[in-house]
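Now for the letters of each chain:
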Protein chains: 2
Amino acid sequence: MMRERLLGLLEESDDRFVSGELLSQRLGVSRTAVWKQVRKLEDEGYTIEASRKLGYRLAGRPEQLTLTSLLTKLRTNTFGQRVKLLGAVDSTQNAAQRLAEEGAPEGTLVVAEQQLQGRGRMGRPWISPKGKGVWMSFILRPSIPLPFTPQLTLLAAVALCRSLRRLTGLDIGIKWPNDLLIDGKKISGILLESSAEEERLKYVVAGIGISLNLDASDYPPDMLAKAVSLKLAAGRPFDRSETIAEFLNEFEELYLLYGEEGFGPIRTLWEALSVSLDKPCVLTTPQGSVIEGSPVGLADTGELLVKREDGKVVHVFSAEMGLPEGREG
Amino acid sequence: MMRERLLGLLEESDDRFVSGELLSQRLGVSRTAVWKQVRKLEDEGYTIEASRKLGYRLAGRPEQLTLTSLLTKLRTNTFGQRVKLLGAVDSTQNAAQRLAEEGAPEGTLVVAEQQLQGRGRMGRPWISPKGKGVWMSFILRPSIPLPFTPQLTLLAAVALCRSLRRLTGLDIGIKWPNDLLIDGKKISGILLESSAEEERLKYVVAGIGISLNLDASDYPPDMLAKAVSLKLAAGRPFDRSETIAEFLNEFEELYLLYGEEGFGPIRTLWEALSVSLDKPCVLTTPQGSVIEGSPVGLADTGELLVKREDGKVVHVFSAEMGLPEGREG
C-alpha cells in the first residue's frame, strides 16, 4: 500500500521536509506518482506542505470524528445521547427515518463521514464529501399538533445559527425559512421530514448539513457564487465533534424552552437573526402563485407574514424566496 | 375436500332443500360434521337456510369483489383507476404506504379481502374479517400546505357519510373528527397518515374501513354496544364493489371542489352531517389536558371550535371526545 508507506515516511520525519527525490526512491515510483498520492492524502483531510526545493512536509492530520470526542462535549440529556456513526451512507435522513419507523427514541442521532445521495429540499442533491462537513439527522417525537410542525424547522434554524455564530465568530443570518447565509452565501441546509397520523405527529426527522471544511475545489464551479464553507469564510477549519455538540446543546435548550413556553421565544430569536425581514422579495408558492412584498415577521403557527405593495399582509406557508426582478445576482 | 363436495351437492339441487341425512350419507360423515361444514360456508359468505325437517338449502353465494365489478361502477378520473386487489394483507395502509414511497400516483387504491393486522387510530387493532367489509387505502398527493392536512380527514368523513347514506338509506352522522355513527354506534373508521417535507406534503394515505356485512358473531361480545355493521343496521347485506365505487365517486367530486373552492364548502357539509355540535362533551388532548364544553363548528384550518362553560371559544386540534361525567353509556 503506497498510501500507508508514504504516510509512514512523512510521519517518521515529524514536521521536517522530505525531498520528493528521496520519497520517489524509497517508494520505487516516479516523482509524479508521489505528487499524485500527496494530493489524495490532502483530499482525505491531511495538510501537506509542498516546496519545490525542500519536498513535502506533513503539517496536519484529518480531524477524527469519534463517539468519545462527541459525547465528551455534549451537555444534553436527550439529543445525541444515542448515536449511530456511519462511514458512507446513502443519506443520513433515510437512515434516521428507518430508525424512527423501528421505534428509536427522541434524540437518536445518525452522523455519517460521507453521504452518497445526500438530499436537500425538494429532492435536490446535497454535496457531502467525506469528512469535510457535518452530515447528520436526528429524531424528534414532539407532542404538538400537526399544524405546528413548521415551527420546528424555524427552531432548528435558530439553534444552528446561534451555535455556529458562537463557534465561528462569523456574522451568520437566517434566510426564510431555514437557510443560513454568510454575505448572502449558503453555508448549511436543514430538512425536516415528518410523519403524522391524522392530526398527531408520529415523528420528525431533522437533517442538518453544515459545509464546515469544504475547500473551493469541493464545489461545482458555478456554485461558489451562492455557497461557501465555514472554513473558506473564516480562513480556518473547524472540529466536527465540537460543531455537532455545540448545535445539539443549543437545540436541546431551545426545544425545552419551546415545550414550556411555546413558539413565542423562538419567533423572537428567529426574527432577530433573520436577514429576510423588511426587504422586498418575490415568493413563488408550490401552487405556482407569485407574491411580491416585504416579509414583516412570523405568524403564530410559523408561516411568514408578507406585506404586499397594496399594504395587505398575507400568510405564506411554503414558497421559494427570490429577489425582485432587476435585483438578482 | 368435504367443503367442495358439500357445496356441489347443495348447488346441484338448485334452490331445493337437501336433507341432512342424505348429505351425511353422500359425504360419509356424521350429521354433526355436515352441520359444522355448513357453518363454515356461512362464515365465507354463503347464505344457507337450515330446517330441522327439510335439511339445508343454498340461498345465496358470497359477493365477489373483482376488478371488473369495481371499475364498471366507477365514474372517477383518478381515484380507483389504479387498483391493487389483495387477498390477505397485514394492513392495506402499510401496502399503500409502500406504493406511495415507490412513487405511485394519486388515486392508487389498495383493497383487501382480509386484513391480518388492520390498524385503527393510535395503533389500535381494527377487526377486518374476510370478505365482510371494505378494507381499503388510497393515495393522495394534494398540493396544500401542511397545516391544512386535517381538512382532508374531514373531507373523507363527509364523502363516506354522504355515499353510505345514499347507499343504505340509513341515518348516518359524523362524530368529530371522522367517526361515522348510527344511533351512536360506530360503523366505519378513517385513518389518514401523511408524510411531509418541511411545510410541503409529500403524500397522504387514506385508510377506510367499513363494517359492511359483519354479523353479530364477528364482533367481540362487549363491542356491540359501541359498534354495528350496515348489514345489522339495515337488515340486508351490501355489495362491496358498489360501496367502494359510490364512495370514490363522491370523494373525487368533493376533492375537486376542495381544490377549486377550498375548505368552505366541505366545512358546511361536515357541520350539516355532524352529530357532535352543540352537545356538551369532554375532550382529552394527547398532552393530557381536558377541555369541557360544546363544539360549535370548525375553524378555517379544520380544527374544532369548542365553547367552554365560561363562554370562551377554544381551538382543539386533536383529542379524544367523550361524554361529560354521569352521561357515559
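Values in this document were obtained by computation on a predicted structure and should not be read as measured data. (Residues numbered from 1 in each chain as written. Chains lettered and ligands numbered in written order. Predicted model: local features only at pLDDT ≥ 70, side-chain atom pairs only at ≥ 80, totals over all residues. Heavy atoms only, no water.)

Q: Residue-level account of the pairing of strand β8 (residues 185-197) of chain B, with values.
A: Regular strands place side chains that alternate from one sheet face to the opposite one. With 11 of its 13 residues buried, β8 of chain B lies for the most part within the structure. With 5 bridges joining them, strand β8 (residues 185-197) of chain A and β8 of chain B adopt antiparallel strand pairing. Pairing of Ser-194 of chain A across the sheet is with Ala-196 of chain B, part of β8 of chain B. Pairing between strand β7 (residues 179-182) of chain B and β8 of chain B: 3 bridges, direction antiparallel. Within the sheet, the bridge partner assigned to Ile-182 of chain B lies in β8 of chain B and is Lys-185 of chain B. A loop of 2 residues connects β7 of chain B with β8 of chain B, the two strands running antiparallel in sequence, and Asp-183 of chain B in this loop sits at a positive phi of about 50°. Pairing of β8 of chain B with strand β9 (residues 200-210) of chain B, which is carried by 10 bridges, proceeds in the antiparallel orientation. (Buried < 20%, exposed > 50% of the residue type's maximum accessible area, 1.4 Å probe, protein only. Helix = DSSP H or I, 4+ residues; strand = E, 2+ residues; numbered from the N terminus. Pairing = 2+ DSSP bridges.)

Q: Lay out the relation of the copies chain A and chain B with the relevant residues and their values.
A: Overlaying chain A with chain B gives an RMSD of 0.2 Å, the required rotation being 180° about an axis along which the chain moves by 0.1 Å. Those values place the two copies in the arrangement expected of a two-fold rotation axis. Taking the C-alpha atom as reference, chain A places Pro-147 of chain A closest to the rotation axis, 2.0 Å from it. (Least-squares fit on C-alpha atoms with pLDDT ≥ 70 in both.)

Q: Talk me through the interface of chain A and chain B; I want residue IDs and the actual numbers.
A: Taken together, the 30 residues of chain A in the interface contact 30 residues of chain B. Approximately 2600 Å² of surface area, both sides summed, lies buried where chain A meets chain B, with 51% of it carried by carbon and sulfur atoms. It is Glu-198, Glu-199 and Phe-317 of chain A in chain A that bury the most area against chain B; as a group they hold 27% of the surface buried on that side. Between the two partners, chain A and chain B, sit 14 residue pairs in polar contact (both at pLDDT 80 or more). (Contact = heavy atoms within 4.5 Å. Buried area = accessible area lost by both parts, 1.4 Å probe. Polar contact = N/O pair within 3.5 Å; in protein donor to acceptor, adjacent residues only side chain to side chain.)

Q: Got a sec to walk through the sheet that holds strand β12 (residues 304-308) of chain B? Specific residues and values, please.
A: All names here are of chain B. Strand order in this open sheet of 5 strands is β13-β12-β11-β10-β14, and the pairing throughout is antiparallel. Only two strands of the sheet have a single partner each, and these edge strands are β13 (313-316) and β14 (320-322). Direction aside, neighbouring strands of the sheet carry axes that sit 45° apart on average. Of the pairings in the sheet, the one linking strand β11 (residues 290-298) to β12 comprises 5 bridges and is antiparallel in character. Each bridged residue has a counterpart across the sheet, and for Gly-297 the counterpart in β12 is Leu-305. (Axes fitted to C-alpha atoms, helices over the stretch in contact; angles between N-to-C directions.)

Q: Mind laying out the side chain of Thr-243 of chain B, listing which residues take part and the relevant values?
A: Residue and element names in this part refer to chain B. Structurally, Thr-243 can be placed in helix α8 (residues 240-261). By relative accessible area, which is 1% here, Thr-243 ends up buried. There is a polar contact of 2.6 Å between the side chain of Thr-243 and the backbone oxygen of Asp-239. Not counting residues up to four positions away in its chain, the partners in contact with Thr-243 are Val-134, Leu-164, Leu-167, Ile-210, Leu-212 and Phe-238.

Q: For the pairing of strand β5 (residues 134-140) of chain B, give the residues involved together with the corresponding values.
A: Residue and element names in this part refer to chain B. By the criterion of burial, β5 is predominantly enclosed, with 7 of the 7 residues buried. Burial along β5 is two-sided: Val-134, Met-136, Phe-138 and Leu-140 and Trp-135, Ser-137 and Ile-139, pointing in opposite directions, are all buried. Pairing of strand β4 (residues 109-115) with β5 involves 4 bridges; the strand directions are antiparallel. Counterpart to Leu-109 in the pairing with β5 is Phe-138. Pairing of β5 with β9 involves 7 bridges; the strand directions are antiparallel. Bridging from a neighbouring strand, Leu-140 pairs with Val-204 of β9.

Q: Run through the packing of helix α6 (residues 149-168) of chain A against helix α9 (residues 264-273) of chain A, naming residues and quoting values.
A: When two helices pack together, their arrangement is given by the angle between their axes and by how far apart the axes lie. Residue and element names in this part refer to chain A. One can describe the packing of α6 onto α9 by two numbers: an axis separation of 9 Å at closest approach and a directional angle of 55°. The orientation of α6 relative to α9 falls into the category oblique. Here α6 runs over α9; the crossing is left-handed. Contacts between α6 and α9 involve Leu-154, Leu-155, Val-158, Cys-161, Arg-162 and Arg-165 from the former and Ile-266, Leu-269, Trp-270 and Leu-273 from the latter. Its residues assigned to classes, the contact of α6 with α9 shows 8 nonpolar, no polar and 2 charged. (Parallel < 35°, antiparallel > 145°, perpendicular 65-115°, else oblique. Left-handed = near helix turned anticlockwise from the far one by under 90°. Nonpolar A, V, L, I, M, F, W, Y, C, P; charged D, E, K, R; others polar.)

Q: Quick rundown of the sheet that holds strand β13 (residues 313-316) of chain A? Include the residues and the values.
A: Residue and element names in this part refer to chain A. Within the open sheet, the 5 strands sit side by side as β13-β12-β11-β10-β14. Their pairing is antiparallel. Looking along the sheet, the strands with just one partner apiece sit at the ends: β13 and β14 (320-322). Neighbour to neighbour, the strand axes of the sheet diverge by 45° on average, direction disregarded. Strand direction decides the pairing type here: strand β12 (residues 304-308) and β13, joined by 4 bridges, are antiparallel. Bridge pairing in β13 links Leu-305 to His-315.

Q: Lay out the environment of Gly-259 of chain B with the relevant residues and their values.
A: All names here are of chain B. With respect to the element layout, Gly-259 can be found in helix α8. Given the relative accessible area of 64%, Gly-259 is considered exposed. Placed 115 residues apart in sequence, Gly-259 and Ile-144 show a C-alpha to C-alpha distance of 8.8 Å.

Q: Give a description of the pattern of salt bridges that names residues and reports values.
A: Summed over the entire model, instances satisfying the criterion amount to 42 salt bridges over all chains. Among the salt bridges present, the one from Asp-215 of chain A reaches Lys-231 of chain A, with a minimum N-O distance of 2.8 Å. In this pair, Asp-215 of chain A is assigned in the loop between β9 (200-210) and α7 (230-234) and Lys-231 of chain A in helix α7, connecting sequence segments 16 residues apart. The class of Asp-215 of chain A is partly exposed, set by a relative accessible area of 24%. The closest approach of N and O atoms between Arg-240 of chain B and Glu-113 of chain B, which form a salt bridge, is 3.2 Å. Separated by 127 residues along the polypeptide, Arg-240 of chain B in helix α8 and Glu-113 of chain B in strand β4 bring together distant segments of the chain. (Salt bridge = Lys/Arg side-chain N within 4 Å of Asp/Glu carboxyl O.)

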